[in-house]
Amino acid sequence: MILGYALLLLLITVIPIMLGLPWIAKDMEMDRVSGLVYSYAFGSFFMWAVFGVVFFWGAVFNLTLTVCVWVYSILLLISIAFVIVVVKKTGIDVLGSVKDHKWNKLEIIYGLVFLALLSYQIYYAVSYSRTYMADDGYVAFSSAALADNHLNMTNIYTGAYTIHDASWLQRVIQSFNYYPAYLSYVSGINAAIIAHTVIYVYVVLAAYAVFDVIANQLFKERENRLIFLSLIATLFIWGYHSHYSLTFRLLGPNDSGKAVLAVTLAPFMLVMIYRMIKNGYKRDIGVQMFILSITACCLTLGGIYTFASFLVGTVIFYRIINKSYKGLLYLLWGGTVPLLFTVFYLTYRYLLI
């Protein structure tokens, strides 16, 4: 059990940072702390993208959960090995424009205030299991997979053997639903506990990593960034005014794909929009858009058209501001996967099922 918790800790902290190191934006001026935070955010998206691809095809070809777990784990190890090789070859230059930064007294004070607010939210996530009526449609995915070692062998509501029906189709596309199953499989901890504690904490950390990246673009001084993060944290704590508020998606049942999309990937897209318009066409930005598009599509059905809407709007503004059609290349990088997912969904939904 101790080894299981240690592995979970690595999967939600160290490994995302490692996998995000090669993707630190060279066009963004960041100190060392902000650079590592950026790598944590994008490293998480990278991990979820790889997971989505493996479990998507695992469900399509009716592979066992064991096979999917091994394939995904091996891909993670290969990715980590690649990052280690890159770091050894380039040294600290892998951090791009990340610079050392000495903290002054005000920054320390504001930092402690933010850490207190963040710690309170993490404590709430760990100590209170906030069940939700949709658990039968999320946690049950993982529980069913762990029970019969398949991704689409049984109907989660009736227990009957079903394959290639409407319920199966939704589960295939929203492959993030099986993330608790993976973490449970490798750690030995119950999937419901994983979904209601570990993933809650992970999503909170990833969300504030994204907000720190946004703060880095809005403010040059770290004091102002920490004030911004503290205000954001305060708004979230006191913002549960509606079932449809963003607070509900962050501090409520945030283990669902649409919640992860709302509090992490959607805000991160604001940064990517700014980078695309500011820097013009850059291949490295295009590759990151490709990875983010996979993540969005595998989180939830809504991620397909949400990401596509962001992308189309960005390309339009790109054309207006930069007077260039090179922005259309971003449609190829970021629009290919949503288009393929759309074709897959419509074909199966209306022609094959």
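Below: a short report on this structure. Every value quoted in this text rests on a predicted model; they were computed, and no experiment measured them.

1. A word on the packing of helix α8 (residues 191–218) against helix α9 (residues 222–237)
One way to put it is that α8 packs onto α9 with a least axis distance of 9 Å and a crossing angle of 140°. By the angle between their axes, α8 is oblique relative to α9. Like other packed secondary-structure pairs, α8 and α9 cross with a definite hand, here right-handed. When α8 is examined against α9, the residues Tyr208, Phe211, Asp212, Ile214, Ala215, Asn216 and Leu218 are found in contact with a partner set consisting of Arg222, Arg225, Phe228, Leu229, Ile232, Ala233 and Phe236. Of the residues in the contact of α8 with α9, the class split is 10 nonpolar, 1 polar and 3 charged.

2. What to know about the nonpolar core
Judged by nonpolar contacts, the single largest core of 100 residues is most densely connected at Tyr38, Phe55, Tyr72, Tyr179, Tyr208, Phe268 and Leu292. Element by element, the count of residues in this core is highest for helix α2 (residues 32–60), at 16 residues. Ignoring anything within four residues of it in the chain, the contact list for Leu292 reads Phe42, Phe45, Leu265, Phe268, Met269, Met272 and Phe307.

3. A closer look at the environment of Leu299
Along the chain, the position of Leu299 falls in helix α12 (residues 283–299). For Leu299, a relative accessible area of 2% gives the class buried. In this structure, the C-alpha to C-alpha distance between Leu299 and Trp48, residues 251 residues apart in sequence, is 8.3 Å. With near-sequence residues (within four places) excluded, Leu299 lies in contact with Gln174, Phe176, Gly257, Lys258, Val260, Leu261 and Leu265.

4. Some thoughts on unusual backbone geometry
Although it is not a glycine, Asn62 sits at a positive phi angle of roughly 55°. Here Asn62 shows up in the loop between α2 and α3 (65–90). Taking relative accessible area as the criterion, Asn62 reaches 25% and is therefore assigned partly exposed. At Asn149, a position not held by glycine, the phi torsion is positive, near 65°. Inspection of the secondary structure puts Asn149 in the loop between α5 (139–148) and α6 (166–173).

About the cut-offs
- Residues numbered from 1 in each chain as written.
- Predicted model: local features only at pLDDT ≥ 70, side-chain atom pairs only at ≥ 80, totals over all residues.
- Heavy atoms only, no water.
- Axes fitted to C-alpha atoms, helices over the stretch in contact; angles between N-to-C directions.
- Helix = DSSP H or I, 4+ residues; strand = E, 2+ residues; numbered from the N terminus.
- Parallel < 35°, antiparallel > 145°, perpendicular 65-115°, else oblique.
- Left-handed = near helix turned anticlockwise from the far one by under 90°.
- Contact = heavy atoms within 4.5 Å.
- Nonpolar A, V, L, I, M, F, W, Y, C, P; charged D, E, K, R; others polar.
- Core = buried A, V, L, I, M, F, W, Y, C linked by side-chain atoms within 4.5 Å.
- Buried < 20%, exposed > 50% of the residue type's maximum accessible area, 1.4 Å probe, protein only.

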